[in-house]
Amino acid sequence: MNMNKLVPIFTSSNEKGLSMKQILLFAIWILAAQLSAQVADASFCQQELTDAIFARIKGKSYKEHCTIPRSDLRYLQVLHYNKEGEVLQGELICHKTIADDLLAIFRELYQAKYPIERMVLVDEYDADDEASMRANNSSAFNFRYISGTKTLSRHSRGMAIDINPLYNPYVRYRGGRTLVEPANAQAYVDRTKDFPYKIVKGDLCYRLFKKYGFTWGGDWKNSKDYQHFEKR
Ligand SMILES: [Zn+2]
């Protein structure tokens, strides 16, 4: 008898409680989504080179005779995934004219969970390009000459970037010999093979850089620089 009364009351209060709970959960979910969007956005940012940042590159990628003004360079922070699906904080230095392009590209790569293994300043390797490439480190600015020449690389102005360089080596052919940089990338010269971090013409990485007006070293005729995207 009492139960008859109790049950509907209990049911109604339970339903009410549940819907309040649902509303609360929904509100929390929206807040969390907004917060994570804000965090993600704050994680894709650029700034001028502070004294602390400049101290990291002076005498390394920013050499004594560097002809590019410090004020033309920007320090970027982005998020990226590796192939294990972990989210990592990446950093790089580039020319101010391509900073917005790179932020947009890396934001899209992040959203697509495109794998990039490592992105720290080349100065962590004493601006030694070979050492940085061997570690599969993606990087942009480095005041240096094109390997084997006296011509300044587009990296010298921060107008070029190398992505996953170990798996996307720079391959040159000289007098019947094949020169591969980094030297530990021999296994990745054959582009018909399947392996992680490989950049292929038409893939997302390629399409995004093309969309923002970059050219790809994999399209070069006399040599192939599969890691390299540059803008003029
Ligand atoms: Zn390059």
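Preceding this paragraph is the structure being described.
Peer 1: How should I be thinking about the environment of alanine 160 in this particular structure?
Peer 2: Following the sequence through the fold, alanine 160 ends up in strand S4 (residues 160-162). Judged by C-beta crowding, with 26 C-beta atoms within 10 Å, alanine 160 ranks as buried. In this view, alanine 160 contacts Ala140, Ser153, Arg154, His155, His228, Phe229 and Glu230; residues no more than four positions away in its chain are not counted.

Peer 1: Explain unusual backbone geometry to me, please; I cannot follow it from the model alone.
Peer 2: Across the chain, the bulk of peptide bonds are trans and the bulk of non-glycine residues have phi less than zero. Geometrically, the link from glutamate 181 to proline 182 is a cis peptide bond, its omega value of 0° lying close to zero. For proline 182, the location among the structural elements is in the loop between strand S6 (177-181) and helix H5 (204-211). Phi at alanine 127 is positive, roughly 60°, even though this residue is not glycine. Tracing the backbone through its elements, the reader meets alanine 127 in the loop between helix H3 (99-111) and helix H4 (129-134). At asparagine 136, a position not held by glycine, the phi torsion is positive, near 55°. Within the secondary structure layout, asparagine 136 lies in the loop between H4 and S4.

Peer 1: It is not clear to me how the pairing of strand S2 (residues 73-81) should be interpreted in this structure. Could you clarify?
Peer 2: Within S2, seven of the nine residues are buried, which leaves the element mostly enclosed by the surrounding structure. In terms of strand pairing, S2 meets strand S3 (residues 87-95) through nine bridges, oriented antiparallel. Note on S3: the bridge partner recorded for leucine 76 is leucine 92. Counted along the chain from S2 to the antiparallel partner S3, the turn is five residues long, and its residue glycine 85 has a positive phi close to 85°.

Peer 1: For this particular structure, what's the right way to read the sheet that holds strand S9 (residues 228-230)?
Peer 2: For sheets, the rule is that strands pair by backbone hydrogen bonds, running either parallel or antiparallel. Reading across from one edge, S4-S9-S7 is the order of the three strands in this open sheet, with antiparallel pairing throughout. Each end of this open sheet is capped by a strand with a single partner; those strands are S4 and strand S7 (215-216). In terms of strand pairing, S4 meets S9 through three bridges, oriented antiparallel. Directly across from aspartate 162, in S9, lies its bridge partner histidine 228.

Peer 1: Got a minute to help me understand the nonpolar core in this structure?
Peer 2: Within soluble globular proteins, side chains that are nonpolar generally end up buried alongside one another. Grouped together as the largest cluster of nonpolar side chains are 39 residues, with contacts concentrated most on Ile93, Cys94 and Leu102. Counting only elements with at least two residues in this core, the list comes to S2, S3, H3, S4 and H5.

Peer 1: Whenever I open this one, H5 confuses me. Can you help?
Peer 2: Given 3.6 residues per helical turn, the α-helix brings residues three or four places apart onto the same face. When we look at burial in H5, the residues that qualify are Cys205, Leu208 and Phe209. Taken end-on, H5 shows its buried residues confined to a sector of 95°, consistent with a single buried face. Residues of H5 that are exposed and point over 90 degrees away from its buried face: Arg207 and Lys211. Those residues of H5 that are buried are in contact with H3, S7 and S9. Downstream of H5 by one or two residues, glycine 213 has phi in the positive range, about 85°.

Definitions and limits used
Residues numbered from 1 in each chain as written. Predicted model: local features only at pLDDT ≥ 70, side-chain atom pairs only at ≥ 80, totals over all residues. Helix = DSSP H or I, 4+ residues; strand = E, 2+ residues; numbered from the N terminus. Buried ≥ 20, exposed ≤ 12 C-beta atoms within 10 Å, placed from the backbone. Contact = placed C-beta atoms within 7 Å. Pairing = 2+ DSSP bridges. Core = buried A, V, L, I, M, F, W, Y, C linked by C-beta atoms within 7 Å. Arc of directions from axis to C-beta.

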